[in-house]
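Commentary on secondary and tertiary structure
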Amino acid sequence: MAAPIGILYEHPEWFKPLFNEIEQRGLPYERLDASKHVFDPASAPPSFSLVVNRMSPSAYLRGHGGAIAYTRDLLAYFQEHAIPLVNGPEAFALERSKARQALLLERLGLPYPRTRVVHQPDQIEMAASGLEYPLIVKPNLGGSGALMRRFEAPDELVAAAAGGEIDLGPDGLGLVQEFHPPRDGAIVRVEALDGRYLYAIRVPTDPNQGFNLCPADICQDAEATEAATGAACPTVARGVEGYQPPDEVIQAVLAIMRAGGLDVCGVEYLESERDGRRYFYDINSLSNFVADAPRVVGFDPFIPFVDYLEQRSQAARPIEPALSRA
């Protein structure tokens, strides 16, 4: 029997469409819930043809913060045993660090909001010096827009930092970044798979409802979203629509994918109302895909995604030796 595909995940709802597509094809697979999983470094892991990393950095919002660091080491364990990975250690390092994302964009020469990285709240005032307001302060280890704060003026920022109101998140690092209101009130998310463009969506935003722009299925149910993430999702009942980005954007996203070791990803950008320029600002290796995709983008992205997983899984299987003839 063929070795199963391992799906490493934590969120209880986001991956039902993925599991459904795998099951409809009759592919052998095993669900690996990172919040409950354990491993023994002295023992070999079960035989997997492929392990797919779908771990979310927002797990700490659901009481599973330890699973984030655990996933880092579990991926290293699988890698030590030569198990093929989808979005392995390099991609996951990028997923859980917005500072690394900024470094990657800088290396590629791609525009992103001016950013300073801090590790103590009392550094924020100094880091903000020379940046143009409004600013946002966000945790390095993000997820679902959690803990992000917007400040309109220096005195507001200084008071919040001095009052202990700013939380830099679970790894203690934060980004102080210029905030660019998106032109026409919408950002664009571009999804890519296996080195090729998949689709893009235009997502209207509302600064009064925070920074969570998740367009996944769970976000279509406000009560389920709040129960699962601890925060309401602002894309509920919003006009998410398919969008065709310029070719230079697509090429930039594919360059990010190659340089970041990403097998599947979503990259977000905006056109600034402030200066009219384009800025990339978020790289997501956890691509949940848009809800109601056939209506929004004209096809179901889980189909090519599972096509890709099936191809990778088959390529990893050992070739059966030919039977010798008498």
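Quick summary incoming for the structure in this document. Bear in mind the structure is a predicted one, so any value in this text is a computation, not a measurement.

On to unusual backbone geometry, then. Cis geometry is found at the peptide bond from Tyr133 to Pro134, where omega equals 5°. For Pro134, the position within the fold is in the loop between helix H5 (124-128) and strand E6 (135-139). In the Ramachandran plot, Asn87 falls in the positive-phi region, its phi being about 55° despite a non-glycine side chain. Inspection of the secondary structure puts Asn87 in the loop between strand E4 (85-86) and helix H3 (89-95).

Moving on to helix H8 (residues 247-260). Spanning 14 residues, H8 covers 20 Å between terminal C-alpha atoms, matching the ideal 20 Å at 1.5 Å per step. Along H8, the residues that are buried comprise Val249, Ile250, Ala252, Val253, Leu254, Ala255, Ile256, Met257 and Gly260. Buried residues belonging to H8 abut H3, helix H4 (98-108), strand E9 (186-193), strand E10 (196-204), strand E12 (264-271) and strand E13 (278-284).

Right, let's get into the sheet that holds E12. Strand order in this open sheet of five strands is E11-E10-E9-E12-E13, and the pairing throughout is antiparallel. Sheet topology places strand E11 (241-242) and E13 at the edges, where each strand pairs with a single neighbour. Relative to E13, E12 runs antiparallel, the two being bridged by six bridges. Along E13, the bridge assignment pairs Glu268 with Asp282. Helix H10 (residues 302-316) rests against E9, E10 and E12 of the sheet, and its axis sits at about 30° to E9.

To continue, consider the sheet that holds strand E2 (residues 29-33). An order of E2-E1-E3-E4 is seen for the four strands of this open sheet, with the pairing classed as parallel. Single-partner strands in this sheet number two, and they are E2 and E4. Both strand E1 (residues 5-9) and strand E3 (residues 50-53) contribute to a ladder of four bridges, which runs parallel. Of the residues in E3, the one forming a bridge with Leu8 is Asn53. Across the sheet, helix H1 (residues 16-25) is in contact with E1 and E2; its angle to E2 comes to roughly 160°.

Summed over the entire model, instances satisfying the criterion amount to 13 aromatic pairs. Pairing Phe19 with Tyr29 gives two aromatic rings, centres 5.7 Å apart and planes at 25°, and the pair type is stacked. A residue pair is termed long-range when its members are at least 10 positions apart, and Phe19 in helix H1 and Tyr29 in strand E2 qualify at 10 residues. Just as Phe19 is buried, Tyr29 falls in that class too. By way of ring pairs, the aromatic residues Tyr9, Trp14, Phe15, Phe19 and Tyr29 are connected into one cluster. Across from the ring centre of Trp14, 5.4 Å away, lies the NZ or CZ of Arg62, which sits over that ring.

To continue, consider the pairing of strand E8 (residues 174-178). The buried fraction of E8 amounts to five of the five residues, a majority that puts the element mostly inside the structure. Sheet topology note: the strand E5 (residues 115-118)/E8 ladder contains four bridges and is antiparallel. By the bridge assignment for E8, Val118 is matched with Gly174.

Right, let's get into the packing of H4 against H8. H8 packs onto H4 with a crossing angle of 115° between their chain directions and a minimal axis gap of 11 Å. The two elements H4 and H8 meet at a crossing, and its hand is right-handed. Contacts between H4 and H8 involve Leu104, Leu105, Arg107 and Leu108 from the first element and Ala255, Ile256, Ala259 and Gly260 from the second. Classifying every residue of the contact of H4 with H8 by side-chain character gives six nonpolar, one polar and one charged.

Bringing the packing of H1 against H10 into the picture now. At a minimum axis separation of 10 Å, H1 and H10 run at an interaxial angle of 60°. Taken as axis vectors, H1 and H10 run oblique relative to one another. When you trace H1 past H10, the crossing you get is right-handed. In contact with Pro17, Leu18, Glu21, Ile22 and Arg25 of H1, H10 contributes Phe302, Ile303, Phe305, Val306, Asp307, Leu309 and Glu310.

Procedures and definitions
- Residues numbered from 1 in each chain as written.
- Predicted model: local features only at pLDDT ≥ 70, side-chain atom pairs only at ≥ 80, totals over all residues.
- Heavy atoms only, no water.
- Helix = DSSP H or I, 4+ residues; strand = E, 2+ residues; numbered from the N terminus.
- Expected span 1.5 Å × (residues − 1).
- Buried < 20%, exposed > 50% of the residue type's maximum accessible area, 1.4 Å probe, protein only.
- Contact = heavy atoms within 4.5 Å.
- Pairing = 2+ DSSP bridges.
- Axes fitted to C-alpha atoms, helices over the stretch in contact; angles between N-to-C directions.
- Phe/Tyr/Trp six-rings, centres within 6.5 Å; stacked < 30°, edge-to-face > 60°.
- Lys NZ or Arg CZ within 6 Å of the ring centre and 35° of its normal.
- Left-handed = near helix turned anticlockwise from the far one by under 90°.
- Nonpolar A, V, L, I, M, F, W, Y, C, P; charged D, E, K, R; others polar.
- Parallel < 35°, antiparallel > 145°, perpendicular 65-115°, else oblique.

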